[in-house]
Amino acid sequence: MPGRLYVVGTPIGNLEDMTARALKTLQEVDFIAAEDTRVTLKLLNHFEIKKPMVSYHEHNAREKGGEILSRLLSGENGAIVTDAGMPCISDPGEDLVRLCAENGVEVRVVPGPSAAISALAVSGLSTDRFVFEGFLQPQKNQKKERLQELKNERRTIIFYEAPHKLCDTLAAMYEVLGDRKITLARELTKIYEEVVRTTLSQAVQLYEQKEPRGEFVLVVEGMQQEEQTFSFEEALQMVQSLVDKGQPLSMAAKDVARQTGFKKGELYSSFLK
Ligand code: SAM
């Protein structure tokens, strides 16, 4: 009988956020697949857990995935952890979970903190509906192109960003999205935790004056209803562009309806005509 894979969330800074169940799971499994075994060793040492580890990261996922799967199929139980937060969220794990699911290995989640959800919760922005974008592409053109695609998104948008790319990203956001509200959540749960609730123009100015340090989540307000000025023609063009990218028509019509306020059925039938 195959073993199980446990997807285990670990703290995003403060070790006291390690859950009792995460500790118990890491103590009980036969092995731990870790993004960086040196980082995880520090965590295990802190909690006095001794456990064999295998390295599993984006560059060896294919080869190590097969190895891990064989161990699970032979009856061992394993856990996957990353350097911080929830595996699979802008972190390795997704492929391994899929591989297990395809091969009849049960996958259980041991939930822990995620920087995205933690930042959203303290952002002060709308939490009713939100989208997670993770990291933008570092190249200027690709970054702006993606932001352009997000310009009409009405839901709150969550991004991850590295400190050395923050100024470029804020400038691109201001240029493409206009002067929206943004919350910069920095070093959450750590000593220098800071949550700045401001606007994109002010954020650009702020980080022109001081060097960004630490880990950041950017929570950006979605497009406000009053900014909206779409003609039906423009909405149909948006449907066309999503369909061209391979999105099924019904889904494209639904997305565009949400962004523009036109009815999904109207967009759908006009597009077919
Ligand atoms: N899987 C992780 C999670 O669930 O939060 C995210 C991993 S991703 C590779 C790392 C990014 O998460 C960082 O660049 C930063 O944007 C964000 N991040 C992680 N820890 C953070 C913290 N303590 N405070 C703010 N942002 C954090």
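Residues numbered from 1 in each chain as written. Predicted model: local features only at pLDDT ≥ 70, side-chain atom pairs only at ≥ 80, totals over all residues. Heavy atoms only, no water.

Draft legend 1. Local environment of the domain arrangement of the protein. Along its sequence, the protein is carved into domain 1 (4-113), domain 2 (116-225) and domain 3 (232-272). Centre-to-centre separation of domain 2 and domain 3, based on C-alpha positions: 27 Å. Listed by partner, the interface residues are 6 residues for domain 2 and 6 residues for domain 3. Roughly 480 Å² is buried in total at the junction of domain 2 and domain 3, and carbon and sulfur atoms are behind 33% of that figure. Counting the surface domain 2 buries against domain 3, the share from its top three residues, E149, N152 and R154, is 68%. Counting across the interface, domain 2 meets domain 3 through 1 residue pair in polar contact (both at pLDDT 80 or more). Residues that form the side of domain 2 that touches domain 3 fall into these classes: 1 nonpolar, 1 polar and 4 charged. (Domains from an automatic or database assignment. Contact = heavy atoms within 4.5 Å. Buried area = accessible area lost by both parts, 1.4 Å probe. Polar contact = N/O pair within 3.5 Å; in protein donor to acceptor, adjacent residues only side chain to side chain. Nonpolar A, V, L, I, M, F, W, Y, C, P; charged D, E, K, R; others polar.)

Draft legend 2. Up close: the pattern of salt bridges. Considering all chains together, one arrives at 18 salt bridges under this definition. A salt bridge links R98 to D95, with the nearest nitrogen and oxygen atoms 3.2 Å apart. Remark: D95 and R98 occur in helix 4 (residues 94-102); sequence separation between them is 3 residues, near one turn of the helix. Taking the relative accessible area as the measure of exposure, R98 reaches 39% and is therefore partly exposed. A salt bridge links E211 to R213, with the nearest nitrogen and oxygen atoms 3.5 Å apart. Neither E211 nor R213 differs from the other in exposure class; each is exposed. (Salt bridge = Lys/Arg side-chain N within 4 Å of Asp/Glu carboxyl O. Helix = DSSP H or I, 4+ residues; strand = E, 2+ residues; numbered from the N terminus. Buried < 20%, exposed > 50% of the residue type's maximum accessible area, 1.4 Å probe, protein only.)

Draft legend 3. Fine view of the sheet that holds strand 10 (residues 216-220). In space, the 5 strands of this open sheet follow the order 6-7-10-8-9, with mixed pairing throughout. Across the chains shown, the open sheet's two edge strands, defined by having one partner strand only, are strand 6 (130-135) and strand 9 (194-199). Strand-to-strand twist in this sheet, taken as the mean axis angle between neighbours without regard to direction, amounts to 20°. As paired strands, strand 8 (residues 181-186) and strand 9 are joined by 6 bridges and run antiparallel to one another. Counted as the bridge partner of K181 is T199 from strand 9. Here helix 7 (residues 166-177) sits on the sheet and contacts strand 7 (156-161), strand 8 and strand 10; the angle it forms with strand 10, its principal contact strand, is near 5°. Sheet contacts for helix 8 (residues 200-209): strand 8, strand 9 and strand 10; angle to strand 9, the most-contacted strand, approximately 125°. (Pairing = 2+ DSSP bridges. Axes fitted to C-alpha atoms, helices over the stretch in contact; angles between N-to-C directions.)

Draft legend 4. Examining the pairing of strand 2 (residues 31-34) more closely. Both faces of strand 2 are covered, namely the face carrying F31 and A33 and the face carrying I32 and A34. The pairing of strand 2 with strand 4 (residues 78-81) spans 4 bridges and is classified as parallel. What sits directly across from I32, in strand 4, is A79. Where strand 2 and strand 3 (residues 53-55) come together, 3 bridges link them in parallel fashion.

Draft legend 5. Fine view of the packing of aromatic side chains. Following the criterion strictly, the structure yields 4 aromatic pairs and no others. With a centroid separation of 5.1 Å and an interplanar angle of 75°, the aromatic rings of F132 and Y160 are classed as edge-to-face. One end of the pair, F132, is in strand 6; the other, Y160, is in strand 7, and 28 residues separate them in sequence. Connected via pairs of aromatic rings, a cluster forms that spans F132, F135 and Y160. The ring of F31 has R71 lying over it, and the distance from NZ or CZ to the ring centre is 4.1 Å. (Phe/Tyr/Trp six-rings, centres within 6.5 Å; stacked < 30°, edge-to-face > 60°. Lys NZ or Arg CZ within 6 Å of the ring centre and 35° of its normal.)

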